[in-house]
Amino acid sequence: MSTQPKKRVGVLISGRGSNMLSLVEAAKAPDYPAKIVVVGSNRPDAKGLEHAAAEGFATFALDHRLYGKDREFFERDLHARLVENNVELLVLAGFLRLLTPWFVSQWQGRMINIHPALLPSFPGLHTHERALKAGVRIHGATVHFVTAEMDVGPIIAQGAVPVLDGDNLNDLATRVLAVEHQIYPMALEAVASGKAVVDGFRVKVKGFDQDDKSLIC
Ligand code: GAR
């Protein structure tokens, strides 16, 4: 078992929180290098907050709508909540707010996100609709470090799924979500243990000459 202290993780969500719960499950393993210390949301009605509280985690909600149009005003409070909880690593798990360069700079190299597509394909919204429309045969999900440009940061882990004849939106979304639940715990483990480090555009995994196969599925 590692003698390193577990990294203190804050998770931000906006909705049902199924990715957050996949991290909660993974973090139950005694040798998992990360410990979730707080779950926050920009939506007080996010279902995931109830799930997190039921699991015994500290939660908070900061309703972005009460902050008007000034994103940084909201983010300063959000940042303060995370700092109060001594968060070391920030995990965006379906957190559907654009972040300002100010916030990103506070968490540079310490904030990761999951995106429901194989980046750099299909950044932004409605990824499954766009994948179906484009006729791609492979779709999936990506975990990446967050940089000031949306859905562009260095890639940590990816999971691919086939797009089958006759798939509808729900079929594809369900298949991708299952792979999200596999890759996010693996990616967080790699980052929290210090094995995954950013080297330019590439995330290198210490101790491996080749790609760590556990970051691809
Ligand atoms: C997930 O599919 C995640 O990839 C996506 O939101 C969903 C949240 O589901 N994130 C984004 O689209 C970010 N741009 P969850 O609340 O069940 O984890």
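Residues numbered from 1 in each chain as written. Predicted model: local features only at pLDDT ≥ 70, side-chain atom pairs only at ≥ 80, totals over all residues. Heavy atoms only, no water.

### Some words on the pattern of salt bridges
Part 1: Applying the stated criterion across every chain, the model contains 8 salt bridges.
Part 2: Across the pair glutamate 25 and lysine 28 runs a salt bridge whose closest N-O atoms are separated by 2.9 Å.
Part 3: The exposure class assigned to glutamate 25 is partly exposed, which follows from its relative accessible area of 46%.
Part 4: One salt bridge in this structure joins arginine 76 and glutamate 72, with 2.8 Å as the shortest N-O distance. You can see arginine 76 and its partner glutamate 72 sitting in helix α3 (residues 71–84), 4 residues apart, about one turn around the helix.
Part 5: For arginine 76, a relative accessible area of 44% puts it in the partly exposed group.
Part 6: The class of glutamate 72 is partly exposed, set by a relative accessible area of 28%.
Part 7: Connected via shared salt-bridge partners are Glu25, Lys28 and Glu55. (Salt bridge = Lys/Arg side-chain N within 4 Å of Asp/Glu carboxyl O. Buried < 20%, exposed > 50% of the residue type's maximum accessible area, 1.4 Å probe, protein only. Helix = DSSP H or I, 4+ residues; strand = E, 2+ residues; numbered from the N terminus.)

### Focus: the site of the ligand
Part 1: Around the ligand, a shell composed of Arg16, Gly17, Ser18, Asn19, Gly94, Leu96, Ile114, His115, Pro116 and Glu180 is seen.
Part 2: In the model, an oxygen atom of the ligand is placed 2.8 Å from a nitrogen or oxygen of the glycine 17 main chain.
Part 3: Measuring from an oxygen atom of the ligand, one finds a side-chain N or O atom of serine 18 at 2.5 Å.
Part 4: Contact with the protein chains hides 84% of the accessible area of the ligand, taken as 450 Å² for the molecule alone.
Part 5: In a pocket analysis with a 2 Å cut-off to the grid points, the ligand is assigned to the largest pocket.
Part 6: Those elements that provide at least two residues to the shell around the ligand are α1 (18–26) and β5 (111–115).
Part 7: For the shell around the ligand, the residue count by class is 3 nonpolar, 5 polar and 2 charged. (Near = heavy atom within 4 Å. Polar contact = N/O pair within 3.5 Å; in protein donor to acceptor, adjacent residues only side chain to side chain. Areas by Shrake-Rupley, 256 points an atom, 1.4 Å probe, with all protein chains shown as cover. 1 Å grid on protein atoms, 1.4 Å probe; cavity = no way out; pocket = protein on both sides within 12 Å on 5 of 7 lines; lining within 4 Å. Sits in = over half its atoms within 2 Å of the grid points. Nonpolar A, V, L, I, M, F, W, Y, C, P; charged D, E, K, R; others polar.)

### Here we look at α1
Part 1: Burial within α1 is extensive, with 7 of its 9 residues counted as buried.
Part 2: Against β1 (7–13), β2 (34–41), α2 (47–54), β4 (89–92), β5 and α6 (169–192) lie the buried residues of α1. (Contact = heavy atoms within 4.5 Å.)

### Some words on the environment of aspartate 77
Part 1: Position of aspartate 77 among the secondary structure elements: in helix α3.
Part 2: It is 21 Å that separates the C-alpha atoms of aspartate 77 and methionine 150, two residues lying 73 residues apart in sequence.
Part 3: What aspartate 77 contacts, discounting residues up to four positions off in sequence, is Leu62 and Tyr67.

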